[in-house]
Amino acid sequence: TALLASFELPGEEGFAHLFRLRRNEVDFDKLCRLDRLWNDVVTGQVSPVQGLADIDRIDEEKPLYGSILLTICFALSSGAASTFFGGGPREMALAALCGLLLGLFLLFAGPRKSLIGLHELLSASLVSFTAVIAGHFMGGASVDTATLAGIIILLPGFTLTTAVSELAQRNVVSGAARLAWSSLLLMMLGFGVMAGRTLGERLVGLPEFHEVISWPSWIQPTALMVAGITLGILFQAQKRDLPWITAAAMLPYLALEAGIAQLGLELGVFLAALLAGAGSNLYARVLDRPATITRLPGILILVPGSIGFLSITELMKGDPLVGLEQGFQMLTTAFSLVSGLLVSNALIPPSKAL
């Protein structure tokens, strides 16, 4: 939330500036262009004065992808995510509808200053209300699966993982702040889901649930591919990076599935994070690109945000034992993930801070 910069000049009195940071969107296109600009300034191809002007120009340019495509990607990513939680065709259709409405809501509500701090609460309420109402008319779809897949993009799993990573690296202040913020987001999402579901059930009653229809074996790899492409577009990645982002989303998840089957959850997450971190650092070294481009999508597939969300919802339902058990599992998963990333940085050190 803030950047503190101090300057010590030879023969002069030092000074410091504190900058308040309010923008936190992810834009891989601008990140890559800033990284290339940094290289040009360091090698002397661009002067520092021109570099400062180019930074302002890059920052002010419009996003690479438009609002319509981003809204469609919200729907596709939610539909694909439903297969990760055991959903079938009905759950995929319901989750895609929830994701579409979420994308439309964020498109129109995002710029409104009056809604700052309420996006997660209102988004979760909208998604859960839609899941109950649409699930009632569709008949048989799992509302829980569709709701979780619908808000998957909002879950603060990456923030939680970053918090644990900062704490492990002795960055106590920023780590504690991120941990508190991610916990607050989970509670807001949980309350929003409970509010939207209660309202929907008061209107149409509890939706009828039938047994989930099983998918063919090729559906989940296809859903992983769709999730990788849509995540890349949502993060404004350049077209040349979309295949790498797709691979970064697919390979750690497949490693996670194999690791869980052979070694259990904790070691499975560790190995998947090790693959995601080492592969991203290698990608950055070979292609001279920011490692964040592939590391962030790879980690997002593994982060324990969904477990944390389930923990909060169980606590709100009045089942503290299940809620605390899932909360502990969330922290265990986060520690396993961070351990894998730290080991990957030791094996293949990152070439840049990005």
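Up top is the structure.
Not measured: the values here are computed from a predicted model.

Some remarks on the pattern of salt bridges
Working step 1: In the structure shown here, the tally under the stated rule is seven salt bridges.
Working step 2: Where Glu61 meets Arg33, a salt bridge forms, and the shortest distance between an N and an O atom there is 2.7 Å. Taken together, the positions of Glu61 in the loop between α2 (48–60) and α3 (67–84) and Arg33 in helix α1 (residues 28–42) put the pair 28 residues apart, joining distant regions of the chain.
Working step 3: Residue classification places Glu61 among the partly exposed residues on the basis of a relative accessible area of 29%.
Working step 4: On the basis of relative accessible area, Arg33 is assigned to the buried category, the value being 18%.
Working step 5: Of the charged contacts in the structure, one is a salt bridge between Glu166 and Arg178, with a shortest N-O distance of 3.0 Å. In this pair, Glu166 is assigned in helix α7 (residues 157–168) and Arg178 in helix α8 (residues 172–204), connecting sequence segments twelve residues apart.
Working step 6: The class for Glu166 is buried, based on a relative accessible area of 13%.
Working step 7: Its relative accessible area of 37% is what places Arg178 among the partly exposed residues.
Working step 8: A network of salt bridges, in which partner residues are shared, links Asp29, Arg33, Asp54, Arg57 and Glu61.

So, the packing of helix α4 (residues 89–109) against helix α6 (residues 143–150)
Working step 1: Close contact between α4 and α6 brings their axes to 8 Å; oriented N to C, the two are set at 40 degrees. The angle between α4 and α6 places the two elements in the oblique class. Here the hand of the crossing between α4 and α6 comes out right-handed. Contacts between α4 and α6 involve Glu91, Leu94, Ala95, Cys98, Gly99 and Leu102 from the former and Thr145, Ala146, Ala149 and Gly150 from the latter.
Working step 2: The residue makeup of the contact of α4 with α6, split by class, is six nonpolar, three polar and one charged.

Looking at the packing of helix α10 (residues 242–263) against helix α11 (residues 265–287)
Working step 1: It is at 7 Å that the axes of α10 and α11 come closest, and there the two elements cross at 155 degrees. With respect to α11, the element α10 is oriented roughly antiparallel. Considering only the axes of α10 and α11, their crossing is right-handed. Between α10 and α11, the residues in contact are Trp244, Leu251, Pro252, Ala255, Leu256, Gly259, Ile260 and Leu263 and Leu265, Leu267, Gly268, Val269, Leu271, Ala272, Leu275, Ala276, Tyr283 and Leu287, respectively.
Working step 2: In the contact of α10 with α11, the residues fall into 16 nonpolar, two polar and no charged.

Quick notes on the packing of aromatic side chains
Working step 1: For the coordinates displayed, the defined rule picks out four aromatic pairs.
Working step 2: Summarising the aromatic geometry, the rings of Phe7 and Phe15 are spaced 5.2 Å apart at their centres and angled 25 degrees between planes, so their arrangement reads as stacked.
Working step 3: By relative accessible area, which is 36% here, Phe7 ends up partly exposed.

Some points on the environment of Leu102
Working step 1: Assignment of secondary structure puts Leu102 in helix α4.
Working step 2: Measuring from C-alpha to C-alpha, the distance between Leu102 and Ser123 comes to 6.3 Å, with 21 residues separating the pair along the chain.
Working step 3: Here Leu102 is in contact with Phe74, Ser123, Val127, Gly150, Ile151, Ile153 and Leu154, once residues within four sequence places are set aside.

A word on the nonpolar core
Working step 1: In terms of nonpolar packing, the biggest core is built from 43 residues, with Phe28, Ile151, Ile233, Leu256, Ile293 and Leu337 touching the most fellow members.
Working step 2: The element contributing the most residues to this core is α10, with six residues.
Working step 3: Setting aside residues no more than four positions away along its own chain, Leu256 makes contact with Gly268, Val269, Ala272 and Leu302.
Working step 4: Membership of the second largest hydrophobic core comes to seven residues, among which are Ala81, Leu94, Ala95 and Ala146.

Basis of the calculations
- Along each chain, residues carry numbers from 1 onward, in the same order as the chain's sequence is written.
- A pLDDT threshold of at least 70 governs which residues receive local features in this predicted model, and a stricter bar of 80 or more applies before side-chain atom pairs are shown or counted, although totals over entire chains, interfaces and linings include all residues.
- Neither water nor hydrogens contribute to the side-chain values; these are computed over all heavy atoms in the structure.
- Whenever a carboxyl oxygen of Asp or Glu lies within 4 Å of a side-chain nitrogen of Lys or Arg, that contact is scored as a salt bridge.
- Only DSSP runs of H or I covering at least 4 residues are called helices, and only runs of E covering at least 2 are called strands; the numbering of each starts at the N terminus.
- Only protein chains enter the area calculation, which uses a 1.4 Å probe; residues under 20% of their type maximum are buried, those over 50% are exposed, and those in between are partly exposed.
- Only the contacting stretch of a helix is used when fitting its axis, a line to C-alpha atoms as for every element, and angles between N-to-C directions run 0 to 180 degrees.
- An angle below 35 degrees is treated as roughly parallel, one above 145 as roughly antiparallel, one from 65 to 115 as roughly perpendicular, and anything else as oblique.
- By definition, turning the near helix anticlockwise from the far helix through less than a right angle yields a left-handed crossing, and turning it clockwise yields a right-handed one.
- Any pair of residues with heavy atoms lying within 4.5 Å of one another is described as a contacting pair.
- Under the scheme applied here, ten amino acids are nonpolar (Ala, Val, Leu, Ile, Met, Phe, Trp, Tyr, Cys and Pro), four are charged (Asp, Glu, Lys and Arg), and all others, including Gly, are polar.
- For this analysis, a ring pair means two rings from Phe, Tyr or Trp (six-membered ring only for Trp) whose centres lie within 6.5 Å, classed as stacked if their planes differ by under 30 degrees, edge-to-face if by over 60, and tilted for the remaining angles.
- What we call a nonpolar core is a set of buried Ala, Val, Leu, Ile, Met, Phe, Trp, Tyr and Cys residues that are connected through their side-chain atoms within 4.5 Å.

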